Amino acid sequence: MQGLRRKIVYVTLFEAIAIAVTSNGLSAGSGSSLEHAGVAAVASSVIAVLWNLAYNTVFEHWESRQTVRGRSFKRRAVHAIGFEIGLSLCLIPLFIWWLQIGLWQALLLDIGLSLFFVVYAFLFNLAFDKLFGLPLSAQ
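Bear in mind that the values here come from a model prediction, so they are computed numbers and not experimental data. (Residues numbered from 1 in each chain as written. Predicted model: local features only at pLDDT ≥ 70, side-chain atom pairs only at ≥ 80, totals over all residues. Heavy atoms only, no water.)

A. Broad picture of the overall build of the chain. Looking only at helices and strands, the chain features four helices and zero strands. Overall, the chain shows an N-to-C arrangement of helices and strands of α-α-α-α. Its C-alpha atoms put the chain at 45 × 35 × 20 Å along the principal axes. Evaluated residue by residue, the chain yields a buried proportion of 28% over its 139 residues. Expressed as a percentage of contacts within the chain between residues at least 6 apart in sequence, the contacts between residues at least 24 apart total 62%. Between the averaged position of the 10 positive side-chain charges in the chain and that of its 7 negative side-chain charges there is a distance of 13 Å. (Helix = DSSP H or I, 4+ residues; strand = E, 2+ residues; numbered from the N terminus. Buried < 20%, exposed > 50% of the residue type's maximum accessible area, 1.4 Å probe, protein only. Contact = heavy atoms within 4.5 Å. Lys, Arg positive; Asp, Glu negative; His and termini not counted. Charge placed at Lys NZ, Arg CZ, Asp CG, Glu CD.)

Listed below in structure tokens is the structure:
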């Protein structure tokens, strides 16, 4: 599977599984019902996808104007850290408001989600490539 179809299947599966898992985590971490936490998980997913599109567009525009080309370890680290900080600035207020929790609890939930997604993204990508094969760019 290649091209746009692969990307649509990837994002759909990734986010559907993530919403199911994070709904449970947000519920347990906030004391909210699964349904209430599920709304926060869906909202988080939508925010993350939109933030990813916006952040990468801005980052790639900045990157295209740099005299040093390529993606060094430092540039990749700055990219990842910047993405997570921006996402946290969106999600923490959402958690405080929707889950009716304090700043500290919302921060802990956000840290937990960040750690979960590092492991989840790695494992999901391994499984996805095993099931659907590598994209042409990696063949």
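From this point, the discussion proceeds with the structure in view.
B. Spotlight on the environment of A48. Relative to the assigned elements, A48 resides in helix α2 (residues 34–64). Residue classification places A48 among the buried positions, given a relative accessible area of 19%. When the C-alpha atoms of A48 and E84 are compared, they prove to be 9.6 Å apart, with 36 residues separating the residues in sequence.

C. Region of the structure containing the nonpolar core. Formed by 18 residues in total, the largest nonpolar core has its most connected members in L26, F95, L99, I101 and L109. When contributions to this core are tallied by element, the ones reaching two or more residues are α2, α3 (73–99) and α4 (103–132). Sort the elements by how many residues they give to this core and α3 lands first, with seven residues. Filtering out sequence-adjacent residues up to four positions away, L109 remains in contact with G25, L26, G29, S30, F95, L99 and I101. (Core = buried A, V, L, I, M, F, W, Y, C linked by side-chain atoms within 4.5 Å.)

D. Fine view of α2. Between its first and last C-alpha, α2 extends 44 Å over 31 residues, near the 45 Å set by a 1.5 Å rise per residue. When we look at burial in α2, the residues that qualify are A37, G38, A40, A41, S44, S45, A48, Y55, N56, F59 and E63. Buried-residue contacts for α2 involve α1 (3–30) and α3. (Expected span 1.5 Å × (residues − 1).)

E. Fine view of the side chain of R75. Relative to the helices and strands, R75 is located in helix α3. When near neighbours in sequence (up to four residues on either side) are disregarded, R75 contacts F59, W62, E63, Q66, V68, R69 and G70.

F. Spotlight on unusual backbone geometry. Positive phi, close to 55°, is recorded for Q100, a residue that is not glycine. Within the secondary structure layout, Q100 lies in the loop between α3 and α4.

G. Region of interest: the pattern of salt bridges. Evaluated as defined, the whole model comprises three salt bridges. For the salt bridge of D129 with R6, the shortest nitrogen-to-oxygen distance reads 2.8 Å. Pair noted here: D129 is in helix α4 and R6 is in helix α1, with a separation of 123 residues, a long-range link. Of the residues examined, D129 reaches a relative accessible area of 27% and is grouped as partly exposed. (Salt bridge = Lys/Arg side-chain N within 4 Å of Asp/Glu carboxyl O.)

H. Region of the structure containing the packing of aromatic side chains. For the coordinates displayed, the defined rule picks out 18 aromatic pairs. Ring centres of F116 and Y120 lie 5.2 Å apart, and the angle between their planes is 10°; this geometry places the pair in the stacked category. Note that F116 and Y120 are positioned in helix α4 at a spacing of four residues, about one turn of the helix. A centroid spacing of 5.8 Å and a plane angle of 25° characterise the contact between F124 and F128, whose relative ring orientation is stacked. Of the two residues, F124 and F128 are both situated in helix α4; the distance of four residues between them amounts to about one turn of the helix. You'll find F124 and F128 in the same group, each marked buried. One aromatic cluster is present, built from ring pairs that chain together Y10, F14, F116, F117, Y120, F124, F128 and F132. (Phe/Tyr/Trp six-rings, centres within 6.5 Å; stacked < 30°, edge-to-face > 60°.)

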